[in-house]
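Reading the structure
So you can see what is in the structure, the chains are spelled out below.
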Amino acid sequence: MNAPARATGPVVMEETATRIERLRTHLGERLVILGHHYQSDEVIRHADFVGDSLKLSRVAASRKKAEAIVFCGVRFMAETADILSGPDQRVFLPNSRAGCPMADMARPEEVRHCWSELARLWGSDIIPITYVNSSAELKDFCGRAGGAVCTSSNAEEVMTWALDRGKRVLFFPDRCLGLNTAHGLGLGAEEICTWNRESGVLLGGGQATKVILWNGFCFVHNAFSPSDIERLRREIPGIKVVVHPECTREVVQAADDYGSTEKIIECISNATPGSAWAVGTEIHLVKRLAALHPDKTILSLNPIVPPCFDMGLIDPANLLRTLEVVVEGGTEGLVQVEPEIAVGARRALERMPAVTAARELGYH
Ligand code: 13P
Ligand code: SF4
């Protein structure tokens, strides 16, 4: 006798996907689901918009009809969406534990201490820039201190803007993005120094200093090394390498190109059929690119680098639960930035030219 059919993994997954789609249809334009490129395919298939941090901030700033924005990404992204969306819109993060370890490497009290030490050393002519991977409180700090937010897509533009306004720039939390950006603008090593967050001490620095970097980093992107590039170039002659600017300076220098996740996608999409590429970023995006471009060889720069743990905390089950909460009018997973923090944070975000442009142009 045949055993009764049991709900196996794939069956449950399909049932979950069907229920998510049913709720999406039911909510219609009242709902928008945003998905960062590092999300799994099982989550991405339900997203209305997929993008990097900049693109998704622009969408959050412009989708005024959506009563609920469900952010499949990490906390700082959902907070940014809450700051930029309207007062009647509610932002949800399907798993409230999904944070960003790099963002946690700059705590507001540590940054304030650094800020006052730098002012003691050089006076107040310093502009703070925070990478979007940071708490809302630090964005507020930047907004109130005449600074701005940047993403990996516009870091050069924002750093140029800041250097035009002040003598020096304090850049946090990602040292690699700051270093790659400063060198990309042509600054020399003598013009860049580092603030050590663990010891609360400035390493180097003098009258020539223009950029002070916080020493935070991303565990995922720091795991790639120049030897990965050397090995692949040996094994696959002619292979090209594109990496994210959260990778170390040495990796960026050894690569052929670098840029945000959106720029990496553009680079692979424009590559000639038959070409081979090694990509130095989170594995979910690399695998998606490989599947989308079967006419090219797309490999991870190092396949044993682990995925981003926090991005992986979002899955179809908690996405479904969040949509049920939206329908029920509940608050589970709701992300709400304190109104007094949102004021300065919004100011810092709106100094990113693209966000302001999105609002003015009614970008969809
Ligand atoms: P992007 O803005 O380039 O997508 O990067 C976000 C991020 O967290 C990279 O680790
Ligand atoms: Fe943060 Fe790195 Fe994950 Fe990006 S990949 S969210 S920087 S931990």
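If you're wondering where the values come from, they're calculated on a predicted model, not measured in any experiment.

**Thoughts on empty space enclosed by the protein**
It is a probe the size of a water molecule, rolled over the atoms, that shows where empty space is left. Within this structure, the stated rule accounts for 1 cavity of 30 Å³ or more. Among the secondary structure elements, those contributing two or more residues to the lining of the largest cavity are helix H3 (53-62) and helix H4 (75-84). Here the lining of the largest cavity is built from residues that sort into 5 nonpolar, 3 polar and 1 charged.

**Details of the sheet that holds strand S10 (residues 211-214)**
Paired through backbone hydrogen bonds, the strands of a sheet run either parallel or antiparallel to each other. Spatially, the 6 strands line up as an open sheet ordered S6-S5-S7-S10-S8-S9, and their pairing is mixed. Here the strands that pair on one side only, and so sit at the sheet edges, are strand S6 (148-150) and strand S9 (201-203). The mean angle between the axes of side-by-side strands here comes to 25°, regardless of whether they run parallel or antiparallel. By the bridge criterion, 3 bridges tie strand S5 (residues 126-131) to S6 in an arrangement that is parallel. Paired with Thr-130 across the two strands is Val-149, which belongs to S6. Against the sheet, helix H7 (residues 155-165) contacts S5, S6, strand S7 (168-172) and S10, and its axis sits at roughly 165° relative to S5. The sheet contacts of helix H8 (residues 175-184) involve S5, S6, S7, strand S8 (192-196) and S10, and relative to S10 the element is tilted by about 155°.

**Quick look at the site of ligand 1**
Neighbouring residues of ligand 1: His-36, Tyr-38, Asp-52, Ser-53, Tyr-131, Asn-133, Ser-152, His-221, His-244, Glu-246, Ser-260 and Thr-261. Contact distances for ligand 1 include 2.6 Å between an oxygen atom and a side-chain N or O atom of His-36. One of the side-chain nitrogen or oxygen atoms of His-244 is found 2.8 Å away from an oxygen atom of ligand 1. Notes on ligand 1: free accessible area 310 Å², of which the protein chains cover 96%. A molecule is said to occupy a pocket when more than half its atoms come within 2 Å of that pocket's grid points, and by this definition ligand 1 occupies the largest pocket. Of the residues that constitute the shell around ligand 1, the class distribution is 2 nonpolar, 8 polar and 2 charged.

Rules behind the numbers
Counting restarts for each chain: residues are numbered from 1 in the order of the written sequence. Written order determines the labels here, with chains lettered from A and ligands numbered from 1. Whole-chain, interface and lining totals are the exception, using all residues; otherwise, since this is a predicted model, local features are given only for residues with pLDDT of at least 70 and side-chain atom pairs are given and counted only at 80 or more. Here the side-chain values reflect all heavy atoms present in the structure, with hydrogen atoms and water set aside. Method remark: on a 1 Å grid restricted to protein atoms, a set of points is classed as a cavity if a 1.4 Å probe fits but cannot get out and as a pocket if it is open with protein on both sides within 12 Å along at least five of seven lines; lining residues have an atom within 4 Å of a point. Grid points are joined across faces, edges and corners, and a volume is the space filled by probe spheres set on the points. Counting from the N terminus, the helices are DSSP H or I runs at least four residues long and the strands are E runs at least two residues long. Under this grouping Gly is polar, as are all residues other than the nonpolar Ala, Val, Leu, Ile, Met, Phe, Trp, Tyr, Cys and Pro and the charged Asp, Glu, Lys and Arg. In this analysis, strands are considered paired if DSSP registers two or more bridges between them. Axes, fitted as lines to C-alpha atoms, cover a helix only where it is in contact. Angles between the N-to-C directions of the axes lie from 0 to 180 degrees. The contact criterion used throughout is that any non-hydrogen atoms of two residues lie within 4.5 Å. Summary of the distance rule: residues count as near a molecule or strand when at least one heavy atom falls within 4 Å of that molecule or strand. Pairing of N or O atoms within 3.5 Å defines a polar contact, subject to two protein rules: one partner must be a possible hydrogen donor and the other a possible acceptor, and residues neighboring in sequence count only if both atoms are side-chain atoms. Residue exposure ignores everything except the shown protein chains as possible cover, and the areas themselves are Shrake-Rupley values with a 1.4 Å probe. A cavity or pocket is said to hold a molecule if more than half of that molecule's atoms lie within 2 Å of its grid points.

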